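Below, each chain spelled out in residue letters.
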Amino acid sequence: MLFTVCIHNADSQNLVKNPSFEHFVNCPQKLGNLDNDMVDWVTPTKGSTDYFNGCSQAMGTPKNFNGEQPANFGVGYVGFYFYAPEDYREYLEGVLNQKLIKDETYTVSFYVSLAERSDFAIKEFGIQFTEKPVKVDTRNTLSRRHLSKISGDVSNYFEIKYSDFYTDKKEWVKVKKEFVAKGTENYIIIGNFKNNARTQKFRTKRNVTKGSYY
């Protein structure tokens, strides 16, 4: 379950639109409908990322199909699979208020909590900045091969790693990293860009989901 997303410049201005997922077009009523419900956030692939908000009974906060977690800010958050059988993946794509400035240092940060029904935790989160919006017809890993076919610059990619695994199912854990901009960043994509074989994972318990949902 996720996030409040921030990209700070030197003046500590947050450059991410709708960073805590409070603004929406429709109060969410079903799974995988983020593209139709949310403002300023979309899914860049066919993976069915979920939007939760306290306005809803079916897709509410703090209780929902994957566990129970109060929102860290406001009453909204999103949730998606970073690891699942057969390399199934879900992602989240947001738009920035302005293009990042070349060679300037920024900080990206967000909060995560592992859903109670997850039986795996992962060790790193991938961050991909793009010049143009991404839409790829796949339900699997969004790979470098896919991204190489997208027009515009996709060169700024990095991972935020943790010395342990992101296993906390009760509290929100802050994920944070400084990076230097290429000067072409208009969009941010968050997810796991590695296939199952390359994903560092830890089994937290045996359950039916066989996945890692944050």
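So, a few notes on the structure that sits alongside this text. The structure presented is a predicted model; accordingly, all values stated were derived computationally and were not measured. (Residues numbered from 1 in each chain as written. Predicted model: local features only at pLDDT ≥ 70, side-chain atom pairs only at ≥ 80, totals over all residues. Heavy atoms only, no water.)

Details of the overall build of the chain
The number of helices and strands found in the chain is two helices and 16 strands. A globule of 214 residues ought to have a C-alpha radius of gyration of about 17 Å, and the chain, at 16 Å, matches this closely. For the C-alpha atoms alone, the extent of the chain along its principal axes is close to 45 × 40 × 35 Å. The contacts of the chain with a sequence gap of at least 6 include a subset with a gap of at least 24, amounting to 78%. Summed over its atoms, the accessible surface of the chain is roughly 9,700 Å², and 47% of this surface lies on carbon and sulfur atoms. Separation between the mean location of the 29 positive side-chain charges and that of the 25 negative ones in the chain comes to 6 Å. (Helix = DSSP H or I, 4+ residues; strand = E, 2+ residues; numbered from the N terminus. Rg over C-alpha atoms; globule rule 2.2 N^0.38 Å. Contact = heavy atoms within 4.5 Å. Areas by Shrake-Rupley, 256 points an atom, 1.4 Å probe, with all protein chains shown as cover. Lys, Arg positive; Asp, Glu negative; His and termini not counted. Charge placed at Lys NZ, Arg CZ, Asp CG, Glu CD.)

Some words on the state of the cysteines
Per the stated rule, a full pass over the model turns up one disulfide. Sulfur-sulfur distance for the disulfide between C27 and C55 comes to 2.1 Å. On the sign convention where negative means left-handed, the S-S torsion of about 115 degrees between C27 and C55 marks this disulfide as right-handed. Of this pair, C27 sits in the loop between β1 (6-8) and α1 (34-37) while C55 sits in the loop between β3 (50-53) and β4 (63-64), placing them 28 residues apart in sequence. (Disulfide = S-S within 2.5 Å.)

Some remarks on the side chain of T43
Among the structural elements, T43 can be located in the loop between β2 (41-42) and β3. Among all residues touching T43, those that are not within four sequence positions of it are L34, D35, T49, Y91 and K135.

Topic: the sheet that holds strand β8 (residues 92-95)
Across the sheet, which stays open at both edges, the five strands sit in the order β2-β8-β14-β11-β12 with antiparallel pairing between neighbours. Each edge of the sheet is formed by a strand with only one pairing partner; in this case those strands are β2 and β12 (157-161). Bridge analysis of strand β11 (residues 124-130) against strand β14 (residues 187-191) gives five bridges, and the strand direction is antiparallel. What sits directly across from G126, in β14, is G191. (Pairing = 2+ DSSP bridges.)

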